[in-house]
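Spelled out from the first residue to the last, the chains are:
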Amino acid sequence: MTTPNPGPRAKRAVDVVAASIALVMFAPLIAAIALAVLVALGRPVLFRQERAGLGGRTFSILKFRTMLDPALEKGLVTDEQRLTRFGKFLRSTSLDELPGLVNVLRGEMSIVGPRPLPIAYLQHYSPTEARRHAVRPGITGLAQVRGRNLASWDDRLRWDVEYVDTVGFHTDLHVVARTVAVVIRRSGISAVGQATCESLIMHRTAAAQSRLVHHAGDPLTNANT
């Protein structure tokens, strides 16, 4: 039996309590990671980027920095080249996400929800996929426990909408429990040949080009033009 949706206020209350407790519990670890990032990568310690949140409104997501600054003369151009061994460790253990607890306290994110994506992706969603912004984005979500960066964009966005339609305490507890298992196994960290995964813009552009090529090569289509 599905647990009824407790409503956004109750979910928000749980987020505030959970994030507050987690920040207190992990404060020594967060301080240690911050110092390690400072020594290994220098300033800034935190990575900030504009992401789309509830209702498509933008906010600045907080993560621990995992990459070196771009430097053409050092061959540091792509994300794969800039990602350090220490950065890979932070990502594989999801420790880079700990500053996101501050985003939760601010009301910009939830513990569980669709992952916040770059604002440049907004124009590439279908009307159905855009429903992912009906709830606050999360530190973890269905896509993170069903394949993470190994899953296709179509699947990940479909799971985001599924979460919107099934949001509730039971769903959130299920996702949190499975997140622990995923982090322990360090599975789905990155797609083949990518620091994380292919961008949605590149994916949708490639798909559109493929349809055009298929359309141009269809003899029935050509016969009717």
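Refer to the preceding data block for the structure.
Each value, and the rule that gives it
- Residues numbered from 1 in each chain as written.
- Predicted model: local features only at pLDDT ≥ 70, side-chain atom pairs only at ≥ 80, totals over all residues.
- Heavy atoms only, no water.
- Helix = DSSP H or I, 4+ residues; strand = E, 2+ residues; numbered from the N terminus.
- Contact = heavy atoms within 4.5 Å.
- Patch = residues over 30% accessible without salt bridge, like charges linked within 9 Å, V, L, I, M, F, W, Y side chains within 5 Å.
- Areas by Shrake-Rupley, 256 points an atom, 1.4 Å probe, with all protein chains shown as cover.
- Salt bridge = Lys/Arg side-chain N within 4 Å of Asp/Glu carboxyl O.
- Phe/Tyr/Trp six-rings, centres within 6.5 Å; stacked < 30°, edge-to-face > 60°.
- Buried < 20%, exposed > 50% of the residue type's maximum accessible area, 1.4 Å probe, protein only.

K.L.:
Can you tell me about the environment of Phe-86, naming the residues and giving the values?
P.N.:
Within the secondary structure layout, Phe-86 lies in helix 4 (residues 85–92). Separated by 49 residues in the primary sequence, Phe-86 and Val-37 have C-alpha atoms spaced 8.4 Å apart. If we skip the residues at most four places from it in the chain, Phe-86 touches Ala-36, Val-37 and Ala-40.

K.L.:
Go over a nonpolar patch on the surface, please, and point to the residues and values.
P.N.:
A cluster of nonpolar side chains, namely Val-17, Ile-21, Met-25, Phe-26 and Leu-29, defines an oily patch on the protein surface of about 450 Å² accessible area. For the nonpolar patch, the element with the most residues is helix 1 (residues 8–25), which contributes three residues. Secondary-structure assignment places Val-17 in helix 1.

K.L.:
Give a description of the packing of aromatic side chains that names residues and reports values.
P.N.:
What the rule picks out here adds up to one aromatic pair. Consider the rings of Tyr-121 and Trp-153, whose centres lie 5.7 Å apart with planes at 90 degrees: the pair is edge-to-face. Here Tyr-121, found in the loop between strand 3 (110–112) and strand 4 (138–140), pairs with Trp-153, found in helix 7 (residues 153–166); they are 32 residues apart in sequence, far enough to count as distant. Judged on exposure class, the residue Tyr-121 and its partner Trp-153 are both buried.

Remember that the coordinates give geometry; whether it matters functionally is a separate question.
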